[in-house]
Amino acid sequence: MFEYAPAPESRSVVDLKPSYGLFIDGEFVEGSGSAFKSVNPATEEVLAEVAMADAADVDRAVAAARRAYDEVWSRMPGAERAKYIFRIARLIQERARELAVLESLDNGKPIRESRDVDIPLAAAHFFYYAGWADKLGYANLGPNPRPLGVAGQVIPWNFPLLMLAWKVAPALACGNTVVLKPAETTPLTALLFAEICRQADLPPGVVNIVTGAGATGAAVVSHPGVDKVAFTGSTEVGRMIAKQVAGTSKKVTLELGGKAANLVFDDAPLEQAIEGIVDGIFFNQGHVCCAGSRLLVQESVAEEVVDRLRERMKTLRVGDPLDKNTDIGAINSAEQLARIRTLTEAGEAEGATRWSPPCELPERGFFFAPTIFTGVSQAHRIAREEIFGPVLSVLTFRTPAEAVEKANNTAYGLSAGVWTDKGSRILWLAQRMRAGVVWANTFNRFDPTSPFGGYKESGYGREGGRHGLEAYLDV
Amino acid sequence: MSETKKKPAKATKTAAKTATKTAKAAAAPAKAAAAPVSAPVSAAVPEEVSATVSAPTPAAASRSSVRKTYKLYIGGAFPRSESGRSYAVAASTGEFIANAAQASRKDARDAVRVARAAQPGWAKATAYNRGQILYRIAEMLEERRDQFAQQIAGVEGISTEAAYAQVDAAVDRWVWYAGWSDKLAQVLGAANPVAGPYWNVSSPEPTGVVALLAPATPTLLGLTSVIAPAIVGGNTVVAVAPDASALPAVTLGEVMATSDLPGGVVNILTGGTAELAPWLASHLDVNALDLAGVPAGSDLARDLEIAAADNLKRVVRPAPGGPDWTADPGLSRMKPFLETKTVWHPIGI
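One structure accompanies this document, and this report is about it.

1. What about the overall build of chain A?
Part 1 of the reasoning: Looking only at helices and strands, chain A features 15 helices and 19 strands.
Part 2 of the reasoning: The dimensions of chain A, computed from C-alpha atoms along their principal axes, are 65 × 50 × 35 Å.
Part 3 of the reasoning: If you take every contact in chain A between residues at least 6 apart in sequence, the share linking residues at least 24 apart comes to 76%.
Part 4 of the reasoning: In chain A, the 50 positive side-chain charges and the 58 negative ones have mean positions that sit 5 Å from each other.

Spelled out as structure tokens, the structure:
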């Protein structure tokens, strides 16, 4: 491995305030709960104090959203709404570097990824949905598409700004107003987004941001003034939400966990497959609901694939997220690091073989070396439970039928990968995978034009594309 | 019966149907007039029903009829309830018509098992093939118009005319849904213009096994309106037909059994919704739940939705005030039981 000199991105572009309030009705206001701290997971340094919204704050935010919905946003012609969303997209592009650095500081993801993936894709989502705002009648969803009202949105910490874009852009395009709760550990880019809404002169109340933890999210989801609930996060919390909204008229979409199978056949182009495997599980420290965390390799090439994978893993650089050479940044929180450790210990205890490349982890911060497990059986916890970290389980198969059987043997159904040179086999497998996204000879591709969402316990509804509009329309 | 026999070949089916309707409309008052007591048409219905059931032709007046045993429809067969239970189905006038099988929790589990087993094969059938079979169901149903109309009039207490109108609407609905089989992917799918050298397309796929709680009325149209949209996209179903709707439901099962529909694609349980629904709602091998037959806003509706959350079933909530089953259903009962799969591949040489 080459020794690279450190190439840190400057954080001077970010103007961090010591404390942040809630964003309600176009203003930053104090929260009623006790403020909490957002830390940099790479250094454990406190970045800022953030207000905690309680039920009364959520109530105010929903009231502001309702007023903005009734009086302004739902009445505004789509062509006018489109221009506001278009402005937001441009502002995200203009402030891209600032957003990328802030995202890496707050989340721990490598700057290479926040700069090249998160922020450009977030802007692209606003551009894409801006264009839909005045064309909803052409979306082929129903003859008279109407907005739902106030959308309560709860998003996770793995792609803070991107998940915000996935939720806010289609909601606004369809004429809804939103109350969004970002994750407790990564609220800062959402608060910078609030500033962007002000720069765009978005009417007050159209976007409201309430920071806080689980209780704040529950208050948003169960608020009687919320007409639509959108959640991305764990299957466990998704289940709770589905129960909370039972018997109500709230429309719900859930993007939940995954345990994706990544299938490698003996005729696969191995160089590309190895890159795809690495991208599938080590992208964003494996904090990806559609991560390819179960590698299924055809037995005849299993040894070669694992050997090559190990060689490739030795070149992964783990460390400072703000260093442009870093491939794997920090685990988002101490809590998540503990969960990854628990599950990897279970993997060893259950008899799988653990391997990580020799790498020095920073002394401070939450880091975890990229890890693979071989000799994994389908019954092992590491093959069944979502780890949400840079941990890959390797299993083998002999026939395509066995590959399908094993790939689908999970309660989840978000994504799948297939690597083979044979086109007819790709289509055969793509048909049989019980997953919302199938990547063939690629992995972890996202685009605002493409629907994304799960089968089975990976949730319901789709985000992105024409399909993503349906979640925010009464059709 | 005589109208059916006189029917010409299929080529002139539409014309025949119109002719049949006209003949029926003319026949109904004549029958009413022939009844011993001059009474309004609606009051004459039960007599007409019992006359049809026990004495189909005047020549047979001296013989006792062979009565039909109403059983469940599971896996293409007609078993009794494993529980050995049955319940009396009465005409709207209170008169006993038949005993229907009262399905148990075990019957529901058996039905889910066979529905699961049948699902991959049904989903794999070509859209053209699934359409052909749904059209065939319509054909077989059309041929049994009289039988259904009499059954419906008996159990629902509606006029013969209204019963015929319901059968016709059900037949038309099968034809309507049949036509969707090979259009869903075109209407609900998409080719997505991604920003990169990738080919990517989204298409609808069945969600799996769907549990349907059919409304008690309209018996045949209600059951048709929940089953047809679920199976046209490749799902298999376990439908609960409550109370008196059992009789048309079992007869619809007979239609399906003779329509080349693979066994297990549609399974019909007769009995009580409140008894069977919780087991289906909490069954981890059921992917979706249609609460059509549960009162909107009821505790039962909420409890079933909570139970369904355990494996994140797709739930179609009951419509407040009950849906208008005669209205154009649109995509409202097909889309909830379809997933969208997006497949990516790089483009290059």
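Moving on from the coordinates now.
2. Regarding the nonpolar core
Part 1 of the reasoning: Ranked by size, the top nonpolar core spans 115 residues in total, and within it Phe-126, Leu-172, Phe-193, Val-207 and Val-264 of chain A carry the most contacts.
Part 2 of the reasoning: Not counting chain neighbours up to four residues away, the residues in contact with Val-207 of chain A comprise Phe-23, Val-168, Leu-172, Val-178, Phe-193, Cys-197 and Leu-202 of chain A.
Part 3 of the reasoning: Within the second largest apolar cluster, 55 residues are counted, among which are Trp-122, Leu-188, Val-210 and Leu-331 of chain B.

3. Quick look at the packing of helix H5 (residues 127–143) of chain B against helix H7 (residues 160–180) of chain B
Residues and elements named next belong to chain B.
Part 1 of the reasoning: Closest axis-to-axis distance for the H5/H7 pair is 8 Å, and the angle between their directions is 170 degrees. Relative to H7, H5 is oriented roughly antiparallel. Between H5, through Gly-131, Leu-134, Tyr-135, Ile-137, Ala-138, Leu-141 and Glu-142, and H7, the contact on the second element is made entirely by Ala-170, Val-171, Trp-174, Val-175, Tyr-177, Ala-178 and Gly-179.
Part 2 of the reasoning: Broken down by class, the residue content of the contact of H5 with H7 amounts to 11 nonpolar, 2 polar and 1 charged.

4. A few points about the sheet that holds strand S4 (residues 36–40) of chain A
Strands belonging to one sheet form pairs held by backbone hydrogen bonds; the direction of such a pair is parallel or antiparallel.
All names here are of chain A.
Part 1 of the reasoning: Spatial ordering of the open sheet is given by S1-S5-S4, a layout of 3 strands whose pairing is mixed. In this open sheet, the two strands that pair with only one neighbour each are strand S1 (19–20) and S4.
Part 2 of the reasoning: Here S4 pairs with strand S5 (residues 45–50) via 5 bridges, running antiparallel. Across the sheet, Asn-40 pairs through a bridge with Glu-45, a residue of S5.
Part 3 of the reasoning: Across the sheet, helix H3 (residues 96–107) touches S4 and S5, and the angle it forms with S4 is around 105 degrees.
Part 4 of the reasoning: Where helix H6 (residues 188–199) meets the sheet, it contacts S1, S4 and S5, and its direction lies at approximately 50 degrees from that of S5.

5. Points about the pattern of salt bridges
If the charged atoms of two oppositely charged side chains come close together, the side chains can form a pair.
Part 1 of the reasoning: The full count for this structure, using the stated rule, is 46 salt bridges over all chains.
Part 2 of the reasoning: Arg-445 of chain A is paired through a salt bridge with Asp-279 of chain A; the nearest N and O atoms lie 3.7 Å apart. Of this pair, Arg-445 of chain A sits in the loop between strand S18 (437–440) and helix H15 (465–470) while Asp-279 of chain A sits in helix H9 (residues 270–282), and the two are 166 residues apart along the sequence.
Part 3 of the reasoning: Across the pair Lys-106 of chain B and Asp-110 of chain B runs a salt bridge whose closest N-O atoms are separated by 3.1 Å. Here Lys-106 of chain B and its partner Asp-110 of chain B are both found in helix H4 (residues 105–124), 4 residues apart, which amounts to about one turn of the helix.
Part 4 of the reasoning: In this structure Lys-106 of chain B comes out as partly exposed when scored by relative accessible area, which is 35%.
Part 5 of the reasoning: Here Asp-110 of chain B falls in the buried class, since its relative accessible area comes to 18%.

6. Digging into the interface of chain A and chain B
Part 1 of the reasoning: If you look at the interface, chain A gives 47 residues, while chain B gives 35 residues.
Part 2 of the reasoning: Between chain A and chain B, the buried area comes to about 3100 Å², and carbon and sulfur atoms account for 50% of it.
Part 3 of the reasoning: Where chain A packs against chain B, one counts 3 salt bridges.
Part 4 of the reasoning: Notably, a salt bridge pairs Lys-335 of chain B with Glu-470 of chain A, separated by 3.1 Å at the nearest N-O pair.
Part 5 of the reasoning: Where chain A touches chain B, the interface holds 33 residue pairs in polar contact (both at pLDDT 80 or more).
Part 6 of the reasoning: Listing elements by their share of the side of chain A that touches chain B, those giving two or more residues are helix H8 (235–244), strand S11 (251–255), helix H14 (423–432), S18 and H15 of chain A.
Part 7 of the reasoning: Broken down by element, the residue count for the side of chain A that touches chain B peaks at 5 residues, all from H8 of chain A.
Part 8 of the reasoning: Residues that form the side of chain A that touches chain B fall into these classes: 19 nonpolar, 15 polar and 13 charged.

7. What about unusual backbone geometry?
Part 1 of the reasoning: Between Thr-217 of chain B and the following residue, Pro-218 of chain B, the backbone shows a cis peptide bond with an omega angle of -10 degrees.
Part 2 of the reasoning: Among the secondary structure elements, Pro-218 of chain B is positioned in the loop between strand S5 (209–213) and helix H9 (219–232).
Part 3 of the reasoning: The residue Asp-201 of chain A is not glycine, and still its phi comes out positive at about 60 degrees.
Part 4 of the reasoning: Within the element layout of this structure, Asp-201 of chain A appears in the loop between H6 and strand S9 (207–209).
Part 5 of the reasoning: Taking relative accessible area as the criterion, Asp-201 of chain A reaches 54% and is therefore assigned exposed.

Procedures and definitions
- Residues numbered from 1 in each chain as written.
- Chains lettered and ligands numbered in written order.
- Predicted model: local features only at pLDDT ≥ 70, side-chain atom pairs only at ≥ 80, totals over all residues.
- Heavy atoms only, no water.
- Helix = DSSP H or I, 4+ residues; strand = E, 2+ residues; numbered from the N terminus.
- Contact = heavy atoms within 4.5 Å.
- Lys, Arg positive; Asp, Glu negative; His and termini not counted.
- Charge placed at Lys NZ, Arg CZ, Asp CG, Glu CD.
- Core = buried A, V, L, I, M, F, W, Y, C linked by side-chain atoms within 4.5 Å.
- Buried < 20%, exposed > 50% of the residue type's maximum accessible area, 1.4 Å probe, protein only.
- Axes fitted to C-alpha atoms, helices over the stretch in contact; angles between N-to-C directions.
- Parallel < 35°, antiparallel > 145°, perpendicular 65-115°, else oblique.
- Nonpolar A, V, L, I, M, F, W, Y, C, P; charged D, E, K, R; others polar.
- Pairing = 2+ DSSP bridges.
- Salt bridge = Lys/Arg side-chain N within 4 Å of Asp/Glu carboxyl O.
- Buried area = accessible area lost by both parts, 1.4 Å probe.
- Polar contact = N/O pair within 3.5 Å; in protein donor to acceptor, adjacent residues only side chain to side chain.

Geometric values such as these leave the question of function open.
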